[in-house]
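# Descriptive analysis of the structure
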Amino acid sequence: LYVEPQQRYIDLDTVPGDGNEFIHKSRLENSLLDFNRSCREDPVEPAEVPKISIARLCKAAFEFAYLANELKTKKEWLKITFPQTVIIPLYNEAETCVFCLGVPISKCMGIYDLAPLSDSDAHLPLLSIVLHLTHVEINKLLKYTLKWFRVIGMDKQIARWLFALIACIEKPLTNWQEKFLMEYFEDLKMRAQVCDGQEYIRVRTLMSLMDNYFVLKTTSEAGEYLNKIARLRS
């Protein structure tokens, strides 16, 4: 069945204006129901990823999709409820690193040529911060997190910021955003092959969120990896 591309943002609370919008909303509802249903199952875990179950990844993806849609639906109300209290120094990359990851930081000092810094707590990606970022600022901060991740791995604080930022991305994606998220996904996939413990769980969870929520056109290698998991679930 051919359906015209959607002309406006559609979420679970949208009142369809015509048949095309009704179909788009129905597909969104069905995709979330599929996530929810599969989370109740106990699928066989592939041998390649023994440390986190597919059901857990699926549950995380479903909950993320719900959260992201809620943020967009209620964004203006939330911005009033959580007014901006602090501004990220986005146009100074090193200062942004310290702001997001904090000090003591062999972390930021390992990424940038920084002099020793006094202790400074990392800022959490609170609604009073991330909801007030423009699209340009979100993209810039996403690029920073990718750089940090490539140097120090998926640190817990990087994962927190990445989770919050991708929840704020409007859909449909721009060409730049889709290409960038595909690149990020590929880096996460490579990292998943060498990390372990809690970092491995963070990486796999973020892969699931990004691919399921944005339906990325991943490369053939990454696509085959996900298809293998899908076949084992079927």
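Rules and cut-offs
Residues numbered from 1 in each chain as written. Predicted model: local features only at pLDDT ≥ 70, side-chain atom pairs only at ≥ 80, totals over all residues. Heavy atoms only, no water. Helix = DSSP H or I, 4+ residues; strand = E, 2+ residues; numbered from the N terminus. Buried < 20%, exposed > 50% of the residue type's maximum accessible area, 1.4 Å probe, protein only. Contact = heavy atoms within 4.5 Å. Areas by Shrake-Rupley, 256 points an atom, 1.4 Å probe, with all protein chains shown as cover. Expected span 1.5 Å × (residues − 1). pLDDT = per-residue confidence, 0-100. 1 Å grid on protein atoms, 1.4 Å probe; cavity = no way out; pocket = protein on both sides within 12 Å on 5 of 7 lines; lining within 4 Å. Points joined across faces, edges and corners; volume = space filled by probe spheres on them. Nonpolar A, V, L, I, M, F, W, Y, C, P; charged D, E, K, R; others polar. Core = buried A, V, L, I, M, F, W, Y, C linked by side-chain atoms within 4.5 Å. Phe/Tyr/Trp six-rings, centres within 6.5 Å; stacked < 30°, edge-to-face > 60°. Lys NZ or Arg CZ within 6 Å of the ring centre and 35° of its normal. Axes fitted to C-alpha atoms, helices over the stretch in contact; angles between N-to-C directions. Parallel < 35°, antiparallel > 145°, perpendicular 65-115°, else oblique. Salt bridge = Lys/Arg side-chain N within 4 Å of Asp/Glu carboxyl O.

The protein chain carries the name Gem-associated protein 2 in an unreviewed UniProt entry, which gives Parasteatoda tepidariorum as its organism.

The next point concerns the overall build of the protein chain. Within the protein chain one finds eleven helices and zero strands. In sequence order, the secondary structure elements of the protein chain are arranged as α-α-α-α-α-α-α-α-α-α-α. Expressed as a percentage of its 234 residues, the buried residues of the protein chain come to 45%. Here the analysis covers contacts within the protein chain between residues at least 6 apart in sequence; of these, 63% occur between residues at least 24 apart. Surface accessibility of the protein chain: about 12,800 Å² in total, with carbon and sulfur atoms responsible for 55%.

With that settled, consider helix α9 (residues 175-192). Taking 1.5 Å of rise per residue, 18 residues should cover 26 Å, and α9 covers 26 Å from first to last C-alpha, within 8% of that figure. Those residues of α9 not exposed but buried are Q177, E178, F180, L181, Y184, F185, E186, D187, L188, K189 and A192.

Moving on, we get to the confidence of the model for the protein chain. When the pLDDT values of the protein chain are averaged, the result is 76; 64% of them are 70 or greater. Looking across the protein chain, the model is least confident in helix α11 (residues 220-233), with a mean pLDDT of 46, and most confident in helix α7 (residues 135-152), with 94. Within the model, the stretch residues 32-50 combines pLDDT values under 50 with 30 contacts to residues more than four positions away or in other chains. Low pLDDT (under 50) marks residues 219-223, which in the prediction has six contacts with non-local residues, meaning those over four places away or in another chain.

What follows covers empty space enclosed by the protein. By the definition in use, this model includes two cavities of 30 Å³ or more. Reported here for the largest cavity is a volume of approximately 60 Å³. Around the largest cavity sit L71, K72, K75, V130, L131, C168 and E170, which together line it. Its residues assigned to classes, the lining of the largest cavity shows four nonpolar, no polar and three charged.

Here we take up the nonpolar core. With 57 residues, the main nonpolar core has L141, W148, M154, I166, Y184 and L188 as its most contacted residues. Put simply, the parts of the chain that give this core at least two residues each are α2 (54-73), α4 (93-101), α6 (127-130), α7, α8 (156-168), α9 and α10 (197-214). With near-sequence residues (within four places) excluded, I166 lies in contact with F64, L142, L181, M210, Y213 and F214.

Our focus in this paragraph is the packing of aromatic side chains. Taken as a whole and assessed by the stated rule, the structure comprises eight aromatic pairs. It is K171 that lies over the ring of Y213; its NZ or CZ is 3.8 Å from the centre.

A few words now on the side chain of S128. On the secondary structure map, S128 appears in helix α6. Not counting residues up to four positions away in its chain, the partners in contact with S128 are F82, P83, Q84 and T85.

This part is about the environment of L181. Mapped onto the secondary structure, L181 falls in helix α9. Residues L181 and K143 lie 38 residues apart in sequence; the distance between their C-alpha atoms is 9.9 Å.

Right, let's get into the packing of α4 against α8. When two helices pack together, their arrangement is given by the angle between their axes and by how far apart the axes lie. Running from N to C, α4 and α8 point in directions that differ by 100 degrees, and their axes come no closer than 9 Å. Our classification of the angle between α4 and α8 gives roughly perpendicular. The segment α4 lies against α8, with F99, C100 and L101 engaging Q157, I158 and W161. Looking at the contact of α4 with α8 residue by residue, the classes come out as five nonpolar, one polar and no charged.

Let us look at the pattern of salt bridges. Within this structure, the stated rule accounts for six salt bridges. The partner of K59 in a salt bridge is E63, and the shortest N-O contact between them spans 2.4 Å. In this pair, K59 and E63 are both assigned in helix α2, four residues apart and thus about one turn of the helix distant. Between E70 and K74 there is a salt bridge, with its nearest N and O atoms 2.9 Å apart. Ionic contacts of the salt-bridge type, sharing partners, join the residues R150, E183 and D187 into one network.

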